[in-house]
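# What the coordinates show
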Amino acid sequence: MASLKPRSRGLSARRREVRYVSSIVRQCLLLAVFSGIVCGQQRPVRVYLIGTGAPEITMERAGQSTLISLDTNHFLFDAGRHTLQGLYKARIAPQEVTRIFLTHLHNDHIEGLPPLWMTPWFLLRRRQGLEIWGPPGTANMIAGMRQMFAHDIERRSNETLKKEFLDIEVHEIGPGTVYAAGDMTITAVEVEHHDGNPAFGYRFDAAGRSVLLTGDATLTANLLEAGNGVDILISNVASGTPRLEGSGAIDPILNKLMKPEQAARLFLTTGPRLAVYSHIVKKGLPGKLGDDEIIARTRKAGFEGGLVMGLDGMQIVIGDEIQLTQPQPSDDLPELDGAGLIF
Ligand SMILES: [Zn+2]
């Protein structure tokens, strides 16, 4: 699951854990029958901001990627630069992340995909392929990626590193429910991203909790509707210095993304328990200066609710309360090389 597990955990420990979990499930079912309690509502949804940046090359933030987890299920939304390292930094086993939802096909949302696909396969012995949901064009992009790594696939595969563990099942999606299992649903929301279209945001619903990711998008009615009453709303945001914004030089960028004032309107209309910025564009405003400016503009536009400027490695746990954990230091993480410490 999400946390680091010591290598010494044997099969018997896993069986005990399975029996323990089964016992909990039985108890929950009994409780549900006799008292109407829905046990799923006790299960926290975990949101990991893996990478909160955009195309810009900066040491502040890695490329765009967000992980949502419930129980042992991981769902990754976009795979920008350094997604693999970001998962490890968040103490997520990369080989367990096999379900990926792409908002659109701009490079800053997919360029972390090849390492996430290939490296856990041969280094961490992933024993299954990937499943990827994305807009029309995704299958073609995946076919191109396979072609790019054709040499490696052929030469490195063997009886242990089976080629089938590199299979990718692609779902090209339209708006609506794109994933449903148990009490979990993932709904694609059509958004407006101009030269990034077709583009989607995603709403995740499970265990009585909900998250909306706007993806890369400007404000449209679809998002106002889809975000209604969510627990967490993760919005992209784009801004620049007054001089840049005044000159019109960055209008093509601003017009396909969310300005702080638009985000404020989105938050005010939908009323999330916590609003979060990720995919942060701030032209000419590096560091804390830019982050503070975006928050200040959002506040000035009237939004006074919970608001967080996302940082790589932040974790948000959604339960009866919302817990925000700042990024953990990564200096003490050992090399993840498949020979030593394994999740
Ligand atoms: Zn982007």
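Residues numbered from 1 in each chain as written. Predicted model: local features only at pLDDT ≥ 70, side-chain atom pairs only at ≥ 80, totals over all residues.

## With respect to the pairing of strand β2 (residues 65-70)
The two faces of a sheet get side chains in turn, since along a regular strand they alternate between them. Our working rule: Each residue is classed by its C-beta neighbour count within 10 Å, where at least 20 other C-beta atoms makes it buried, 12 or fewer makes it exposed, and intermediate counts make it partly exposed; the C-beta atoms are placed from backbone geometry. Numbering goes from the N terminus for both helices and strands, where a helix is a DSSP run of H or I of at least four residues and a strand is a run of E of at least two. Paired strands are those between which DSSP finds at least two bridges.
In terms of residue burial, β2 counts as a mostly covered element, since 6 of its 6 residues are buried. Here β2 shows two buried faces, one formed by S65, L67 and S69 and the other by T66, I68 and L70. Bridge analysis of strand β1 (residues 45-51) against β2 gives 6 bridges, and the strand direction is antiparallel. Looking at β2, one finds that R46 is bridged to S69. Counting the residues in the hairpin turn of β2 and strand β3 (residues 73-77) gives 2 residues, including D71, whose phi is positive at 55°.

## Notes on the sheet that holds strand β8 (residues 184-191)
Put simply, the rule is: Each axis is a line fitted through C-alpha atoms, taken for helices only over the stretch in contact, and angles between the N-to-C directions span 0 to 180 degrees. Throughout, a residue-residue contact means that the two C-beta atoms, derived from backbone geometry, are no farther apart than 7 Å.
Taken in spatial order, the 7 strands of this open sheet run β7-β8-β9-β10-β11-β12-β13, and their pairing is mixed. Either end of the sheet is taken by a strand with one partner, and the two such strands are β7 (176-181) and β13 (307-309). With direction set aside, neighbouring strand axes in the sheet form an average angle of 20°. As judged from the 5 bridges shared by strand β9 (residues 199-206) and strand β10 (residues 209-213), these two strands associate in the antiparallel manner. Across the sheet, A206 pairs through a bridge with R209, a residue of β10. Contacts from helix α10 (residues 287-300) reach β11 (232-240), β12 (274-283) and β13 within the one sheet, and its direction differs from that of β13 by about 160°.

## Observations regarding the nonpolar core
The condition is simple: Throughout this description, the term nonpolar core refers to a group of buried Ala, Val, Leu, Ile, Met, Phe, Trp, Tyr and Cys residues whose C-beta atoms join them within 7 Å.
Formed by 75 residues in total, the largest nonpolar core has its most connected members in Y202, V211 and I232. For this core, the element with the most residues is β12, which contributes 6 residues.

## Re the environment of L161
With respect to the helices and strands, the residue L161 is situated in the loop between α5 (150-156) and β6 (168-172). Exposure remark for L161: the 15 C-beta atoms within 10 Å place this residue in the partly exposed category. Along the sequence, L161 and R125 sit 36 residues apart, while their C-alpha atoms lie 7.3 Å from each other.

## Overview of the pairing of strand β5 (residues 130-134)
Selection rule: A right-handed crossover is one whose linking path, passing over the helix from the first strand to the second, runs clockwise when the strands point away from the viewer.
Of all 5 residues in β5, 4 are buried, a share of seventy percent or more. Across 3 bridges, strand β4 (residues 99-101) lies against β5 in parallel orientation. Following the sheet pairing, I100 is matched in β5 by I132. Regarding the hand of the β-α-β motif, the stretch spanning β4, helix α3 (residues 113-123) and β5 is right-handed. Looking at chain direction, β5 and β6 are connected through 5 bridges and run parallel. Note on β6: the bridge partner recorded for G134 is E172.

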